[in-house]
Structure formats: C-alpha cells, structure tokens
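Summary of structural features
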Amino acid sequence: MNRTVLPGFKLALGYTIVYLSLLVLIPLSTLFFKSAGIGWSGFWAAATSPRVMAAYRLSLSTSMIGALINVTFGTLVAWTLVRYTFPFKSIVDALVDLPFALPTSVAGITLATVYADNGWIGRWLAPLGIKAVFNPLGIVIALTFVGLPFVVRTVQPVLEDLDPELEEAAATLGASRLKVFTRVLGPALLPAITTGFALAFARALGEYGSVVFISGNLPMKTEVVPLLIMAKLEQFDYAGATAIAIVMLMLSFTLIL
C-alpha cells in the first residue's frame, strides 16, 4: 500500500467534500429539485419566454463587451504596474482591488451619479447625444468596473515571472516590438488573459448590485437576468426563477470549466 508523505489525506478529503457540499453542491441542487416540479414543458416555457430571452441577450452581450474591454485595458494596466516605476504606484495598484472591497450597490449608486446627465462625466457626454445611464451603455460601464480586477490580478503575476532578458534577446536578434509581443510575450500571456476574460465574463453574468441602479431596469430593454430572477422571486414565481437560474448556472459552469 502506497503512503503519501503528508498524513491525513482521507480526513482532509472528507472535510473538503462536506464543506463544498454544504456551501455549493446542496444549495445548487435545490435549484434542480425546485424546477423539476413544473416539468420539462413548464421549464422550457419559463426559460425561453420573450422577456427572458431579451434578458439573456442583454446580459450576454454586455458581459462580453465588458470582458473584452477589461482584457484590453486590464492587460495594459497590469503591464504598466509591472514594467514601470512612477509616483504613487502603490496607490494605483491598490485601487485595482477597489471593486473587490466596495459593495456593489455603492458602486452602482456612484456610477449612476457620475454618469448621469448632470454628473461629472455625464455632463460632457450629454451634449454629444450619449446617454450613459438607464441604457445598455450604463450596464457595460458597471460590468467593466466590477470585472477589471479579475484580468489585472490574473495577468500581473505572469508578467512578473517573465524574464525581461528574453525580450532583450529577441530584440538583439532583430525582432520588432510587434514580433516580440506576438512571439515571446503572447504565448506566455495568452493562458492568463484567457482565464482573466473567463472570470470577468462569468462575474459580469451574475452581477446585480451595481447594475440595478444604473440600468433603469426596463423590461425587454435594460433588464438583466439577475434582476429578472429577483423580480420572479418577488412575484413568488419560484419555479420560473429557478428555471432561469439553472440556465445561467449551466452557462457559467461551462465557461469556467
């Protein structure tokens, strides 16, 4: 019988399974049991109604746009924090984690105030015909805000581990800056960027607090899926809410996997 170097594997595994079951598996399994009572036809009707489909499209499109923005500028922020030294760098580095610490409802109220037509930023957008609140643009802004740390904190450690001498060697051999990035840095950063995108996208799909204040919550227009689930619960339509939740759960799980 093979023995591991560290004892207590069975006990540790048992605690792990119990812990995950209590916090994740058992609560999530209740979704399937709750929706099973309405049958397949009822589940399909609840999960594919026109209002729900509009919420799916809005949540998926805004989450995708927000994640793509974060991949672009989050990678740039990570690069700046790793490769350059500038005043107040530690403060900027700490600000990246602000969306983690800030309650999402506070973030939503702040963004709605700043981007309103009379807000600090909104007053400059309004003359251009750009309405940043109570429309999909406001949702993208909120989802970009909450998703930025996922990309930065995923890419940053990989950049820190990359040896700058590899770039110098490539440049010495005549490689252009574009080729250094695509041939030397790109393959090393791609897994981290992909992971950061997936995390930011999955986080955006389930975002509620920051979106509810800036979206306007208009059915068929600015109503995201988490808000629709909450509306179903307030109407005591538990089967309909769980049906929508299962669709989002399977989508998020597939994306993370």
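Details of the structure are given in the entry above.
This report concerns the structure included in the present document. (Residues numbered from 1 in each chain as written. Predicted model: local features only at pLDDT ≥ 70, side-chain atom pairs only at ≥ 80, totals over all residues. Heavy atoms only, no water.)

So, the packing of aromatic side chains
This is how it is decided: Two rings belonging to Phe, Tyr or Trp (six-membered ring only in the last case) form a pair when the distance between their centres is within 6.5 Å. Interplanar angles under 30 degrees mark stacking, angles over 60 mark edge-to-face geometry, and anything in between is tilted. Two conditions define a charge located above a ring, namely a distance within 6 Å from the ring centre to NZ of Lys or CZ of Arg, and an angle within 35 degrees of the ring normal.
Within the structure shown, the criterion is met by five aromatic pairs. Clustering of aromatic rings is evident, with ring pairs tying together Trp-40, Phe-43 and Trp-44. Over the face of the ring belonging to Trp-79 we find Arg-83, whose NZ or CZ atom lies 4.6 Å from the ring centre.

Considerations on the pattern of salt bridges
The cut-off we apply is this: When a carboxyl oxygen of Asp or Glu is within 4 Å of a side-chain nitrogen of Lys or Arg, the pair counts as a salt bridge. The helix count covers DSSP runs of H or I at least four residues long, the strand count covers runs of E at least two residues long, and both are numbered beginning at the N terminus.
Enumeration according to the criterion identifies six salt bridges in this entry. With a closest N to O distance of 2.8 Å, Asp-93 and Arg-153 form a salt bridge. Taken together, the residues span a long stretch of sequence, with Asp-93 in helix 4 (residues 89-96) and Arg-153 in helix 8 (residues 136-161) at a distance of 60 residues. Linking Lys-232 and Asp-237 is a salt bridge whose minimum nitrogen-to-oxygen distance equals 3.7 Å.

A look at helix 3 (residues 50-83)
Stated precisely, the cut-off is as follows: Here a helix's expected span is defined as the number of its residues, less one, multiplied by 1.5 Å. Take the seven residues that end at a residue and the seven that start at it, fit an axis to each, and the angle between those axes is the bend at that residue.
Here helix 3 is 34 residues long and its end C-alpha atoms lie 49 Å apart, about the 50 Å a rise of 1.5 Å per residue gives. At Val-71, helix 3 is bent by approximately 25°, the largest bend along its length.

Describing helix 13 (residues 238-256)
Structurally, the α-helix is built with 3.6 residues per turn, so residues lying three or four positions apart point the same way. The test is simple: For each residue, the accessible area found with a 1.4 Å probe, counting protein chains only, is set against the maximum for its type, and the residue is called buried under 20%, exposed over 50%, and partly exposed in between. The criterion used for residue contact is that any of the two residues' heavy atoms lie within 4.5 Å.
The terminal C-alpha atoms of helix 13, which comprises 19 residues, lie 26 Å apart, in line with the 27 Å expected from a rise of 1.5 Å per residue. All buried positions along helix 13 are accounted for by Ala-239, Gly-240, Ala-241, Thr-242, Ala-243, Ile-244, Ala-245, Ile-246 and Met-248. In this structure, the buried residues of helix 13 make contact with helix 1 (9-36), helix 2 (39-47), helix 3, helix 10 (177-205) and helix 12 (225-234).

Examining the nonpolar core
Rule in force here: The set of buried Ala, Val, Leu, Ile, Met, Phe, Trp, Tyr and Cys residues whose side-chain atoms join them within 4.5 Å is what this entry labels a nonpolar core.
Within the largest apolar cluster, 35 residues are counted, with the highest numbers of intra-cluster contacts made by Tyr-56, Val-155, Leu-159, Leu-189, Val-225, Ile-229 and Ile-244. Looking at which element gives the most residues to this core, the answer is helix 10, with eight residues. Residue contacts for Ile-244: discarding those within four places in its chain leaves Ala-46, Val-52, Tyr-56, Val-225, Leu-228, Ile-229 and Lys-232.

What to know about the environment of Val-212
With respect to the helices and strands, Val-212 occurs in helix 11 (residues 209-212). Sequence separation of Val-212 and Leu-25 is 187 residues, and the distance between their C-alpha atoms is 28 Å. Once you skip the residues sitting within four places of it in the chain, Val-212 turns out to touch Asn-217 and Leu-227.

Here we look at unusual backbone geometry
Non-glycine residue Asn-217 carries a positive phi angle of around 55°. Along the chain, the position of Asn-217 falls in the loop between helix 11 and helix 12. Here Asn-217 falls in the partly exposed class, since its relative accessible area comes to 25%. Positioned with a positive phi, Phe-236 is a non-glycine residue whose angle comes to about 60°. Here Phe-236 lies in the loop between helix 12 and helix 13.

Comments concerning the packing of helix 3 against helix 13
Applicable threshold: In this analysis, axes come from line fits to C-alpha atoms, helices being fitted only over the stretch in contact, and the angle between any two N-to-C directions falls in the range 0 to 180 degrees. Angle categories are assigned with fixed cut-offs, so that under 35 degrees is roughly parallel, over 145 is roughly antiparallel, 65 to 115 is roughly perpendicular, and the rest are oblique. Throughout, a crossing is termed right-handed when the near helix is turned clockwise from the far one, and left-handed when it is turned anticlockwise from it by less than a right angle. In this count, Pro and Cys sit with the nonpolar residues alongside Ala, Val, Leu, Ile, Met, Phe, Trp and Tyr, while Asp, Glu, Lys and Arg are called charged and the others, Gly among them, polar.
One can describe the packing of helix 3 onto helix 13 by two numbers: an axis separation of 12 Å at closest approach and a directional angle of 30°. On the basis of their axis angle, the class for helix 3 and helix 13 is roughly parallel. The two elements helix 3 and helix 13 meet at a crossing, and its hand is right-handed. Note on element contacts: helix 13 touches helix 3 through Ile-244, Val-247, Met-248 and Leu-251, opposite Val-52, Tyr-56 and Leu-60. Residues of the contact of helix 3 with helix 13, tallied by class, amount to seven nonpolar, no polar and no charged.

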